[in-house]
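Examination of the molecular architecture
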2 protein chains.
Amino acid sequence: MIIKGDILYNKDKDQFETIENGYLCIENGKVEGVYTADTLPSSYEKQSVEDHTGCLIIPGFCDTHAHAPQWSNCGMGYSLELLPWLDTYTFPIEKEFEKEAFAEHNYTRFVEALKKSGTTRISLFATRHLKATKLLVEKLEKSGLGAYVGKVNMDRNSMEGLQEETKQSLYETEQFINWVKERNPQKDALIQPIVTPRFVPSTTSELMHRLGKITEQYGCKVQSHLCENKSEIAWVKKLHPKCDSFTSVYYDYGLLPKGRTVMAHCVHNTEKELELLQKQQVYIAHSPASNINLSSGIMPLRKYLDEGQLVTLASDISGGHALSMRVNIIQAIQMSKVNQLMHPEQKAITFTEAFYLATMGSGSFFGKVGSFLPGYEADVQIIDDASLDNGLSYSVAQRVERYIYAGNDACIKEIYVRGKKSIDNSTFLD
Amino acid sequence: MIIKGDILYNKDKDQFETIENGYLCIENGKVEGVYTADTLPSSYEKQSVEDHTGCLIIPGFCDTHAHAPQWSNCGMGYSLELLPWLDTYTFPIEKEFEKEAFAEHNYTRFVEALKKSGTTRISLFATRHLKATKLLVEKLEKSGLGAYVGKVNMDRNSMEGLQEETKQSLYETEQFINWVKERNPQKDALIQPIVTPRFVPSTTSELMHRLGKITEQYGCKVQSHLCENKSEIAWVKKLHPKCDSFTSVYYDYGLLPKGRTVMAHCVHNTEKELELLQKQQVYIAHSPASNINLSSGIMPLRKYLDEGQLVTLASDISGGHALSMRVNIIQAIQMSKVNQLMHPEQKAITFTEAFYLATMGSGSFFGKVGSFLPGYEADVQIIDDASLDNGLSYSVAQRVERYIYAGNDACIKEIYVRGKKSIDNSTFLD
């Protein structure tokens, strides 16, 4: 399969590769190579081409942290900080997902929005509810998108009616993992379960300990929240006075499996915690919109990149308000500029770096995803940027930057996941 | 004329007035009153109603500072700060407007985008070109929207081919003012000329002096840029070593007419300058997206509000990347939270205050605009927020907040300016 158009992808954090009128050749769902008309191997010459001449061909976006149920209360309560926001706005909406009709309506809304957003891979918190979480998985399976989905675990300090019993929480977690794996048995299935302790304050030591065992047993990935807010960190210290740090709580309970963990936020980690994150090859889900919406703080993005942390980009719906990774790219650059205003030695990230974070950087949590280098999974967005045409000529990289800042979701013409057309814009009009 | 729906507007900076299933009664383009079914005067009972039951009825947005030609390079060059950004990206695109076909294409694009944005009043920089600026005016007249439009003056330190001769600049400014006033003779015309010295570094003392006289002679309003960037401020100091401050340069040349001036940015003003702004009742066009995109700094919004400065909200296309005032409301709140992180005693603005800035606050530069209090001009947005319905009930204020954060331009159903339907969403599909 061949897709023709104006191709852009990151070769690495600091460099775009661009090919005008290029050919993206896909075999078995993976990128075989990217060619010009002159370099296209003769074996491809007779194959039919999906011709998107004049359109931008870029990798699908990857979002390493979002809460699917919170799409329902997106935009509410941002005058509060994290802990009161959870109590006042988030837990009550999550409780609603015990009702099947509510879950059906709102997970449909979420997956439809996701399909229009340009995101092809996402790591999702659902709620604690097994039934609703299965419903979400079914809808994601139909969408053709890739997702890690977690049934949330929360057995302390939560809202009445939403808080779980420890045993039930563990039982349903295993039920969920087995159910997803049975439906999606391939080792590299697009939809996979992920172990999801909400965060330290709402999971007992017993629960965390047992979730660590489940993680090991099933070889699952893990997602949670870490050092988002100063009051949250103080609370963790109080709950676990003998532990070294917030990070070490997860570590001690086996919830930082090496190379298989994503931790949202990491705004206020100590140097020692950062060392532990690096040792465990933990992915950091940077959520710039959320961090400022909830006044959590400004993550030192440049410092983390310089130190080689595995930084990825996340919408954090609904601490973040924007599902679109276009918006989150802008927010990441903006918050990085804020950080530079505060700490002039920490230079703001470039557009190339921000685009990397939303594609190849975040994609690395999902496998070889987010680039068009050979062997990468062929997740592709076809972007029609004709509405941005001002009559002048621009490079492919300039056109992509203009699209990110001044374009909108209506420019997304088609989306491929692993080389399969999952969404075209006629779908959007349904 | 009566519009029925779920009404919200600011009574003042800190308070919304909301009426579910309310009636907005309009006479001669002005708000006569807002009523419930119970309080609707009997004289209105037989009048036909524009029935938007279930939709949100909110004031049109007002944008006090944007560059119409820069819509063409929106999203480019944000790795640079103001002065190199102007030289590298902005002046070259503005120079293109000497070509009629370029101006025709790009001002059409701009006005079409503006019509879809929810903004009903805007204060615009065009370019230095008389012909293109007239073209912009013609397109705005057809749109039904309200705008102050300025032919830009720039006779020093500018790009070759874009920089003007002082005499020609003045001659064309008067030509433009007279031409606009002849076409729009009413004192309160929706489209009005505004005196527009680009900023101190690109206008000679002679030009500023004479523009001050023109301002006085024609009773025009004035718009320019002030204290946006530290390098810019240092440059002004060098160009005008005998002047007290950047602000006083404008003042000395008669370019801060009392209550008739809007100055974009005001990020780094001294206390003495702030006093002068207050004395002259200068409107500050706060441009939060621009200020972070170009790393200009964080305007102390709370301090200005506390001091009673006339703060308004602006997109500053294309230092800012978003024409939509929805996005700029979010950006204003976010940058205000950044300011609170830096200066905890300066509290972040509330959603109510941010909405005020984009409506009643910015509207005050255009007259009695931006509220539905009696006597205000009836600029109205009809918002269909059905796509945000999650099955729960929310107050009108909560629905508006959800719309701002999680809605999009497709929710805008109709727009009225001075009680006249200017745009409905079928237009958008043209």
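In the block above lies the structure referred to throughout.
**Structural notes on the overall build of chain A**
When its secondary structure is counted, chain A shows 14 helices and 16 strands. For 430 residues, the compact-globule formula gives about 22 Å, and the C-alpha radius of gyration of chain A, at 21 Å, lands near that figure. Per-residue burial for chain A yields a buried fraction of 64% across its 430 residues. Considering only intrachain contacts with a sequence separation of at least 6, the fraction spanning at least 24 residues in chain A is 73%. Carbon and sulfur atoms form 48% of the exposed surface of chain A, whose accessible area is close to 15200 Å². Distance from the positive charge centre (46 side chains) to the negative charge centre (54 side chains) of chain A: 4 Å.

**Digging into the relation of the copies chain A and chain B**
Relative to chain B, chain A is turned by 180° and slid 0.0 Å along the rotation axis, the superposed coordinates differing by an RMSD of 0.0 Å. Look at the turn and shift together and you get a two-fold axis relating the two. A share of 100% of the interface residues of chain A reappears at the interface of chain B, consistent with the copies meeting face to face through the same patch.

**As for the interface of chain A and chain B**
Contact residues are listed per partner, giving 40 residues for chain A and 40 residues for chain B. In total, about 3300 Å² of surface goes out of reach between chain A and chain B, with carbon and sulfur atoms giving 59% of it. For the pair chain A and chain B, the number of links is zero salt bridges. On inspection of chain A and its partner chain B, the count reaches 18 residue pairs in polar contact (both at pLDDT 80 or more). Mapped by element, the contributors of at least two residues to the side of chain A that touches chain B are α2 (100–115), α9 (288–293), α11 (325–342) and α13 (396–406) of chain A. Looking at the side of chain A that touches chain B, the element that brings in the most residues is α11(A), giving eight residues.

**Description of the packing of aromatic side chains**
Residue and element names in this part refer to chain A. Within this structure, the stated rule accounts for 30 aromatic pairs over all chains. Ring centres 5.4 Å apart and planes at 85° place the aromatic pair Tyr148 and Phe365 in the edge-to-face group. In this pair, Tyr148 sits in strand β7 (residues 146–150) while Phe365 sits in the loop between α12 (351–363) and β14 (380–383), placing the two residues 217 residues apart along the sequence. Take Tyr148 and Phe365: they sit in the same class, and that class is buried. Residues Phe246 and Tyr250 carry aromatic rings whose centres are separated by 5.8 Å and whose planes lie at 25° to one another, so their mutual orientation is stacked. One end of the pair is Phe246 and the other is Tyr250, both in helix α7 (residues 246–252) and four residues apart, which spans about a single turn. Every member of this aromatic cluster is reached through a ring pair, and the members are Phe16, Phe61, Phe351 and Phe355. For the cation-ring pair, Arg326 lies above Tyr403, with the distance from its terminal atom to the ring centre recorded as 5.6 Å.

**Quick word on unusual backbone geometry**
Residue and element names in this part refer to chain A. Each neighbour pair has its own omega, and for Ile317 with Ser318 the value is 0°, a cis peptide bond. Tracing the backbone shows Ser318 in the loop between β13 (310–313) and α11. The phi dihedral of Ser295 falls on the positive side, at around 50°, and the residue is not glycine. Following the sequence through the fold, Ser295 ends up in the loop between α9 and α10 (301–307). The class of Ser295 is buried, set by a relative accessible area of 16%. The backbone of Asp316 shows a phi angle near 45°, a positive value even though the residue is not glycine. Taking the relative accessible area as the measure of exposure, Asp316 reaches 3% and is therefore buried.

**Some points on helix α1 (residues 82–95) of chain A**
Residue and element names in this part refer to chain A. A bend of about 35° at Tyr89 is the largest found in α1, and the proline Pro92 appears one to four places after it. All of the buried residues along α1 are Leu82, Leu83, Trp85, Leu86, Thr90, Phe91, Ile93 and Glu94. Where α1 is buried, its residues touch β5 (61–67), α2 and α6 (230–239).

**Re the pattern of salt bridges**
Residues and elements named next belong to chain A. Within this structure, the stated rule accounts for 48 salt bridges over all chains. For Arg326, the salt bridge identified is with Asp409, shortest N-O distance 3.1 Å. Of this pair, Arg326 sits in helix α11 while Asp409 sits in the loop between α13 and β15 (412–417), and the two are 83 residues apart along the sequence. Here the salt bridges do not stand alone but share partners, grouping Lys13, Asp14, Arg302 and Glu353 into one network.

**What about the side chain of A:His321?**
Topologically, A:His321 is positioned in the loop between β13 and α11. Polar contacts involving the side chain of A:His321 include one to the side chain of A:Asn293, which spans 3.1 Å. Other than its neighbours up to four places away in sequence, A:His321 contacts A:Trp71, A:Cys74, A:Tyr78, A:Ala289, A:Asn293, A:Val327, A:Gln331, B:Ile330, B:Gln334 and B:Tyr405.

**Points about the environment of B:Asn21**
Residue and element names in this part refer to chain B. The topology assignment puts Asn21 in strand β2 (residues 15–27). Under the relative-accessibility criterion, Asn21 is labelled partly exposed at 37%. Sequence separation of Asn21 and Lys420 is 399 residues, and the distance between their C-alpha atoms is 21 Å.

**Some words on the pairing of strand β9 (residues 191–197) of chain B**
Residues and elements named next belong to chain B. Judged by how many residues are buried, β9 sits mostly within the fold: six of seven residues are covered. With three bridges joining them, strand β7 (residues 146–150) and β9 adopt parallel strand pairing. If you follow Tyr148 over to β9, its bridge partner there is Gln192. Looking at chain direction, strand β8 (residues 152–153) and β9 are connected through two bridges and run parallel. Within β9, the position partnered with Asn153 by the bridge is Pro197. For the handedness criterion, the β-α-β arrangement of β8, helix α4 (residues 166–183) and β9 is classed as right-handed. Note: β9 against strand β10 (residues 221–226), two bridges, orientation parallel. Considered in β10, the bridge of Ile194 is made with Lys221.

**Topic: the state of the cysteines**
A disulfide bridge is the covalent bond that connects two cysteines by way of their sulfur atoms. Residue and element names in this part refer to chain B. Evaluation of the coordinates by the stated rule reveals zero disulfides over all chains. Cys243 takes part in no disulfide bond, and the closest cysteine sulfur, belonging to Cys227, lies 13 Å away. Residue Cys243 is classed as buried on the basis of its relative accessible area, which comes to 15%.

**Concerning the packing of α2(A) against helix α3 (residues 130–143) of chain A**
Residue and element names in this part refer to chain A. One can describe the packing of α2 onto α3 by two numbers: an axis separation of 10 Å at closest approach and a directional angle of 30°. By the angle between their directions, the pair α2 and α3 is classed as roughly parallel. The way α2 lies across α3 gives a crossing that is right-handed. Touching Glu100, Ala103, Glu104, Tyr107, Thr108, Phe110, Val111, Leu114 and Lys115 of α2 are Lys131, Ala132, Leu135, Leu136, Lys139, Leu140 and Ser143, all from α3. A class-by-class count of the residues in the contact of α2 with α3 yields nine nonpolar, two polar and five charged.

**What about the pairing of strand β12 (residues 283–286) of chain B?**
In the case of a regular strand, side chains alternate between the two sheet surfaces. All names here are of chain B. Side-chain alternation along β12 places Tyr283 and Ala285 on one buried face and Ile284 and His286 on a second face that is also buried. Two strands pair when backbone bridges link them, and strand β11 (residues 261–265) and β12 are joined in this way by three bridges, in the parallel orientation. Among the inter-strand pairings, Val262 is bridged to a residue of β12, identified as Tyr283. For the crossover from β11 across helix α8 (residues 271–279) to β12, the handedness is right-handed. The sheet contact formed by β12 and strand β13 (residues 310–313) spans four bridges and is parallel.

Cut-offs and rules
- Residues numbered from 1 in each chain as written.
- Chains lettered and ligands numbered in written order.
- Predicted model: local features only at pLDDT ≥ 70, side-chain atom pairs only at ≥ 80, totals over all residues.
- Heavy atoms only, no water.
- Helix = DSSP H or I, 4+ residues; strand = E, 2+ residues; numbered from the N terminus.
- Rg over C-alpha atoms; globule rule 2.2 N^0.38 Å.
- Buried < 20%, exposed > 50% of the residue type's maximum accessible area, 1.4 Å probe, protein only.
- Contact = heavy atoms within 4.5 Å.
- Areas by Shrake-Rupley, 256 points an atom, 1.4 Å probe, with all protein chains shown as cover.
- Lys, Arg positive; Asp, Glu negative; His and termini not counted.
- Charge placed at Lys NZ, Arg CZ, Asp CG, Glu CD.
- Least-squares fit on C-alpha atoms with pLDDT ≥ 70 in both.
- Buried area = accessible area lost by both parts, 1.4 Å probe.
- Salt bridge = Lys/Arg side-chain N within 4 Å of Asp/Glu carboxyl O.
- Polar contact = N/O pair within 3.5 Å; in protein donor to acceptor, adjacent residues only side chain to side chain.
- Phe/Tyr/Trp six-rings, centres within 6.5 Å; stacked < 30°, edge-to-face > 60°.
- Lys NZ or Arg CZ within 6 Å of the ring centre and 35° of its normal.
- Bend = angle between axes of the 7 residues up to and from the residue.
- Pairing = 2+ DSSP bridges.
- Right-handed = clockwise from strand over helix to strand, strands pointing away.
- Disulfide = S-S within 2.5 Å.
- Axes fitted to C-alpha atoms, helices over the stretch in contact; angles between N-to-C directions.
- Parallel < 35°, antiparallel > 145°, perpendicular 65-115°, else oblique.
- Left-handed = near helix turned anticlockwise from the far one by under 90°.
- Nonpolar A, V, L, I, M, F, W, Y, C, P; charged D, E, K, R; others polar.

The quantities given are spatial measurements derived from coordinates; they are silent on function.
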